[in-house]
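So you can see what is in the structure, the chains are spelled out below.
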Amino acid sequence: MEKKLHTFLNSDLLQKYLIGETSTAESKEVEYFISSYPEATEAYEKLQDNLEIIAKAGAVDLPKDFLNDILESLEETTEPKVIHITQNRKTPWYSFAASAAAVIFAVTSFMFYQKNEELKNENNVVVDEIFDLRGDIESNNSKLDELSRELLKLNNPDSKKYVINGNDRAKNLKTVAYINPVEKTSMIDVVTLPQLPKEQQYQIWAELQDRMVNLGILDESDRKLKQIPYMEDALALSIKIGTKGDNTNENNTEVAEISLKDN
């Protein structure tokens, strides 16, 4: 129904109805929309106001010397005279032409106003889409810059690559660690991780001379380069299966390990 109302407001039926040029069927349609939709009522009242202003502007005034002529006539005789001032003076043809032109101008102006409002709304939509597109471009550029920096780290001659494969407990597990002892950075790339029960998780650990240090959790969703803490004196990296919420090394099961001192 909103589409029908929009079509009606964009037509010239309201203007034709105001100047009495609608058919019986068209008049009924106009009256239906005016009585049923506030938007149609508002548009109709606005047109009425415009036409009233035009009618006032085109009204025919009495000549300025009309009253003086009457007074002079009264002075010429002592006998009372009855002077009849008729209100139905014939309006010159050019007054009708001017009024018709004014009505046409008002109707045309209103139609242009409606079209202009529609164009403004469409323009706002286009502007919003341009801003959204610009935001997407900036976001993509930021991601490309980040990826470029990561690739530079991987291609750095000081970076060492460590492929960590799973043992018999997780044969399909495969991750790759990139460690740069000069810049003191560590990154890991998850290639494949076998699925675990909901209560378990993969954890990556660094083996030091006297202890094990938890470096974080690995998840299948981490199918990208992931920054992990750099450990200066790490002897090895290992991946273990542990219980969620338990970051201790006591009950973990080791499923992959690689030495960092043999490379």
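Asker: Would you explain the overall build of the protein chain in this entry?
Answerer: Each helix and strand counted, the protein chain has six helices and eight strands in total. Reading the secondary structure of the protein chain in the N-to-C direction produces α-α-α-α-α-α-β-β-β-β-β-β-β-β. Residue burial in the protein chain is summarised as follows: out of 263 residues, 27% are buried. At a minimum sequence separation of 6, the contacts of the protein chain that also span at least 24 residues come to 59%. Roughly 18,600 Å² of accessible area belongs to the protein chain as shown, and the carbon and sulfur atoms make up 53% of that amount.

Asker: Quick question: what am I supposed to make of helix 3 (residues 24-36) here?
Answerer: It helps to recall that an α-helix has 3.6 residues per turn; residues three or four apart then point in one direction. End to end, helix 3 covers 18 Å across 13 residues, agreeing with the expected 18 Å (1.5 Å per residue, within 8%). Here helix 3 has its buried residues at S27, V30, F33 and I34. Angularly, the buried residues of helix 3 cover 130° about the axis, an arc narrow enough to put them on a single face. Counted as exposed and oriented over 90 degrees from the buried face of helix 3: T24, A25, K28 and S35.

Asker: Would you mind going over the side chain of D246 with me for this structure?
Answerer: By the secondary structure assignment, D246 is in the loop between strand 7 (236-243) and strand 8 (253-259). Although buried, D246 forms no salt bridge, and the nearest oppositely charged side chain, K240, lies 11 Å from it. When residues no more than four places from it in sequence are discounted, the contact partners of D246 are Q201, Q203 and N251.

Asker: Can you walk me through a negative patch on the surface in this structure?
Answerer: Together, E2, E39, E42, E45 and D49 make up a negatively charged patch on the protein surface. Top contributing element to the negative patch by residue count: helix 4 (residues 38-57), with four residues. Tracing the chain through its elements places E39 in helix 4. Take E39: its relative accessible area is 40%, and that puts it in the partly exposed class.

Asker: How should the environment of Q114 be read in this particular structure?
Answerer: For Q114, the position within the fold is in helix 6 (residues 93-155). C-alpha of Q114 to C-alpha of L9: the two residues are 105 residues apart in sequence and 8.7 Å apart in space.

Asker: In this structure, what is going on with the sheet that holds strand 8? I would like to understand it.
Answerer: Hydrogen bonding along the main chain pairs the strands of a sheet, whether they run parallel or antiparallel. Ordered in space as 5-4-7-8, the four strands form an open sheet in which the pairing is antiparallel. What marks the edges here is a single partner per strand, and that holds for strand 5 (212-218) and strand 8. Between one strand and the next, the sheet's axes are offset by a mean angle of 25°, whatever the strand orientation. As defined by bridge partners, strand 4 (residues 200-207) adjoins strand 5 across six bridges and the pair is classed as antiparallel. When the bridges of strand 5 are listed, I204 appears paired with G216.

Asker: Just checking my understanding: could you explain unusual backbone geometry for this structure?
Answerer: Most peptide bonds take the trans configuration, and most residues that are not glycine carry a negative phi. A positive phi angle is found at K184, which is not glycine, with a value near 60°. Within the element layout of this structure, K184 appears in the loop between strand 2 (174-180) and strand 3 (185-192).

Asker: For this particular structure, what's the right way to read the sheet that holds strand 2?
Answerer: Spatial strand order, 1-2-3-6: four strands in an open sheet with antiparallel pairing. Both outer strands of the open sheet, strand 1 (160-165) and strand 6 (225-228), are each paired with one neighbouring strand and no more. Here the average twist between neighbouring strands, direction ignored, is 25°. One ladder, built from seven bridges, connects strand 2 with strand 3; its direction is antiparallel.

What counts, and at which threshold
Residues numbered from 1 in each chain as written. Predicted model: local features only at pLDDT ≥ 70, side-chain atom pairs only at ≥ 80, totals over all residues. Heavy atoms only, no water. Helix = DSSP H or I, 4+ residues; strand = E, 2+ residues; numbered from the N terminus. Buried < 20%, exposed > 50% of the residue type's maximum accessible area, 1.4 Å probe, protein only. Contact = heavy atoms within 4.5 Å. Areas by Shrake-Rupley, 256 points an atom, 1.4 Å probe, with all protein chains shown as cover. Expected span 1.5 Å × (residues − 1). Arc of directions from axis to C-beta. Lys, Arg positive; Asp, Glu negative; His and termini not counted. Salt bridge = Lys/Arg side-chain N within 4 Å of Asp/Glu carboxyl O. Patch = residues over 30% accessible without salt bridge, like charges linked within 9 Å, V, L, I, M, F, W, Y side chains within 5 Å. Charge placed at Lys NZ, Arg CZ, Asp CG, Glu CD. Pairing = 2+ DSSP bridges. Axes fitted to C-alpha atoms, helices over the stretch in contact; angles between N-to-C directions.

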